[in-house]
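Report on the structure
One letter stands for each residue in the lines below.
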Amino acid sequence: MSAVETSGRVGDHDPRHATLRVSDDLSAAAWIPRRLEGDFGAVTRTVPSDYPACARICHPAADRDGTPVTWEHVAQATGRQTHPLMQWHALVGSPDPLNIRGWLWPGSDPPRGHLAPGRLGPLCDLLAPHTTTPQNCHFCLWEGYNCARGARGAPAIPTSSPLSSKQMSRRRVHLPGRDYALLAGPLPAALQIGWWHTADWFEPHSPNLFWPADHAWCVASEIDSDSTLLGGSRELIDAILQTPTFDSWPVQPNDLLAAYADRINRNPQRRETPRD
């Protein structure tokens with residue numbers, strides 16, 4: 001995981017004052033698999049279809065000093081071109097999408113499956129007026145994460161936490177290729193998911209999928225992806241695209257974001273070492 005905005009000390013927003021709860025109402029997620037469609041890597045294989053518009057938010061990378069940077073900044077440094085379907089490994093000149101530490105970028109990679117709080121908080125603020133049910137939202141967290149299994153930090157998660165081992169052992173949401181713990185609460189509870197390392201040190205982790213009860217929008221941070229996708233009204237998507245906080249791009253439902261999707265940034269050829 002990148003060091004960019006991944007942890008912090010408890011401040012004004014104290015996750016111990018959580019209104020988050022584990023939910024057994026799996027019917028709340030039943031609408032999602034019916035609306036996942038398209039070819040491998042398609043936007044609508046991650047975020048449900050039938051929304052008027054979609055957007056992609058690229059997770060921030062970091063420079064050598066750990067300062068968050070946009071993909072545009074990285075592209076300027078590597079001589080590459082930004083575009084809605086760009087892929088990180090192509091942007092940094094790595095031929096291998098799984099080994100994405102490239103030849104051309106000396107900083108850190110963007111985190112996968114996690115939208116940092118500095119982006120998630122403003123996103124929630126923007127999402128709130130675009131639903132009639134901001135106090136009734138659901139959050140999916142991949143079961144492979146420690147917090148989804150109820151794993152404990154040092155010291156243990158406070159006893160008041162909804163992410164205790166007993167609570168997190170409850171029923172799962174089953175989606176293609178992924179099983180998730182289901183949580184519920186008001187929209188700001190998206191910032192209350194994560195790990196306790198000490199009594200005053202909380203490491204947040206964004207939900208992998210969340211939506212309001214009226215399904216007005218849906219946000220997805222797939223565990224293997226360095227971008228967050230969302231579908232919603234055209235007004236909402238336009239507002240996201242116009243907000244400088246987000247490194248965001250318009251995408252179409254059938255756009256492919258698989259590793260091979262970047263047709264613009266060709267990888268440099270590795271120089272062969274001359275043989276004797």
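Treat the numbers as computed from the prediction; the structure is a model and nothing was measured.

**Observations concerning the packing of helix 4 (residues 117-127) against helix 7 (residues 234-241)**
Where helix 4 contacts helix 7, the axes come no closer than 10 Å and their chain directions differ by 145°. Crossing handedness for the pair helix 4 and helix 7: right-handed. Of the residues in helix 7, those touching helix 4 at Leu 123, Leu 126 and Leu 127 are Leu 236, Ala 239 and Ile 240.

**A closer look at the pattern of salt bridges**
Applying the stated criterion across every chain yields a total of 3 salt bridges. Between Glu 222 and Arg 178 there is a salt bridge, with its nearest N and O atoms 2.5 Å apart. Here the residue Glu 222 occupies a position in the loop between strand 12 (218-220) and strand 13 (227-232), and Arg 178 occupies one in strand 8 (residues 178-185), the gap between them amounting to 44 residues. Salt-bridge contacts for Asp 224 lead to Arg 178; the nearest nitrogen and oxygen are separated by 3.0 Å. Separated by 46 residues along the polypeptide, Asp 224 in the loop between strand 12 and strand 13 and Arg 178 in strand 8 bring together distant segments of the chain. According to the relative accessible area criterion, Asp 224 is partly exposed, its value standing at 49%.

**Digging into the pairing of strand 7 (residues 172-175)**
As a general feature of sheets, a regular strand has side chains that alternate between the two faces. Across 4 bridges, the pairing between strand 7 and strand 8 is antiparallel. Bridge pairing in strand 8 links Leu 175 to Arg 178. Linking strand 7 to strand 8, which pair antiparallel, is a turn of 2 residues; within it Gly 177 sits at a positive phi near 80°.

**Here we look at the nonpolar core**
Within the largest apolar cluster, 30 residues are counted, with the highest numbers of intra-cluster contacts made by Leu 123, Leu 127, Phe 139, Phe 210, Leu 230 and Ile 240. Elements with a contribution of two residues or more to this core: strand 3 (53-58), helix 4, strand 6 (137-142) and helix 7. Broken down by element, the residue count for this core peaks at 5 residues, all from helix 4. Not counting residues within four places of it along the chain, the set of residues in contact with Ile 240 comprises Ile 57, Leu 123, Leu 126, Leu 230, Phe 246 and Ser 248. With 21 residues, the next largest nonpolar core counts Ala 29, Val 47, Trp 211 and Val 251 among its residues.

**With respect to unusual backbone geometry**
Unusually for a residue other than glycine, Asp 50 sits at a positive phi of about 75°. Looking at where Asp 50 falls in the secondary structure, it is placed in the loop between helix 1 (31-34) and strand 3. Notably, His 215 is not glycine yet its phi reads approximately 60°, a positive angle. On the accessibility criterion, His 215 (26% relative accessible area) is partly exposed.

**Structural notes on the environment of Leu 182**
Among the structural elements, Leu 182 can be located in strand 8. Taking the C-alpha atoms as reference, Leu 182 lies 7.3 Å from Asp 24; in sequence the two are 158 residues apart. Excluding anything up to four places from it in sequence, Leu 182 contacts Arg 21, Val 22, Ser 23, Asp 25, Leu 26, His 138, Phe 139, Cys 140, Val 173 and Trp 211.

**Examining the packing of aromatic side chains**
Across all of its chains, the model carries 4 aromatic pairs by this definition. Taken together, Phe 139, Phe 210 and Trp 217 form an aromatic cluster joined through their ring pairs. In this structure, Arg 35 is placed above the aromatic ring of Tyr 51, and the distance from its NZ or CZ to the ring centre is 4.9 Å.

**Re helix 2 (residues 71-78)**
Within helix 2, the full set of buried residues consists of Trp 71, Val 74, Ala 75 and Thr 78. Each buried residue of helix 2 lies within a common arc of 100° when the element is viewed along its axis, so the set occupies one face. Where helix 2 is buried, its residues meet strand 3, strand 4 (61-62), strand 5 (68-69), helix 3 (88-91) and strand 13. Directly beyond the C-terminal end of helix 2, a positive phi value near 75° is found at Gly 79.

What counts, and at which threshold
Residues numbered from 1 in each chain as written. Predicted model: local features only at pLDDT ≥ 70, side-chain atom pairs only at ≥ 80, totals over all residues. Heavy atoms only, no water. Axes fitted to C-alpha atoms, helices over the stretch in contact; angles between N-to-C directions. Helix = DSSP H or I, 4+ residues; strand = E, 2+ residues; numbered from the N terminus. Left-handed = near helix turned anticlockwise from the far one by under 90°. Contact = heavy atoms within 4.5 Å. Salt bridge = Lys/Arg side-chain N within 4 Å of Asp/Glu carboxyl O. Buried < 20%, exposed > 50% of the residue type's maximum accessible area, 1.4 Å probe, protein only. Pairing = 2+ DSSP bridges. Core = buried A, V, L, I, M, F, W, Y, C linked by side-chain atoms within 4.5 Å. Phe/Tyr/Trp six-rings, centres within 6.5 Å; stacked < 30°, edge-to-face > 60°. Lys NZ or Arg CZ within 6 Å of the ring centre and 35° of its normal. Arc of directions from axis to C-beta.

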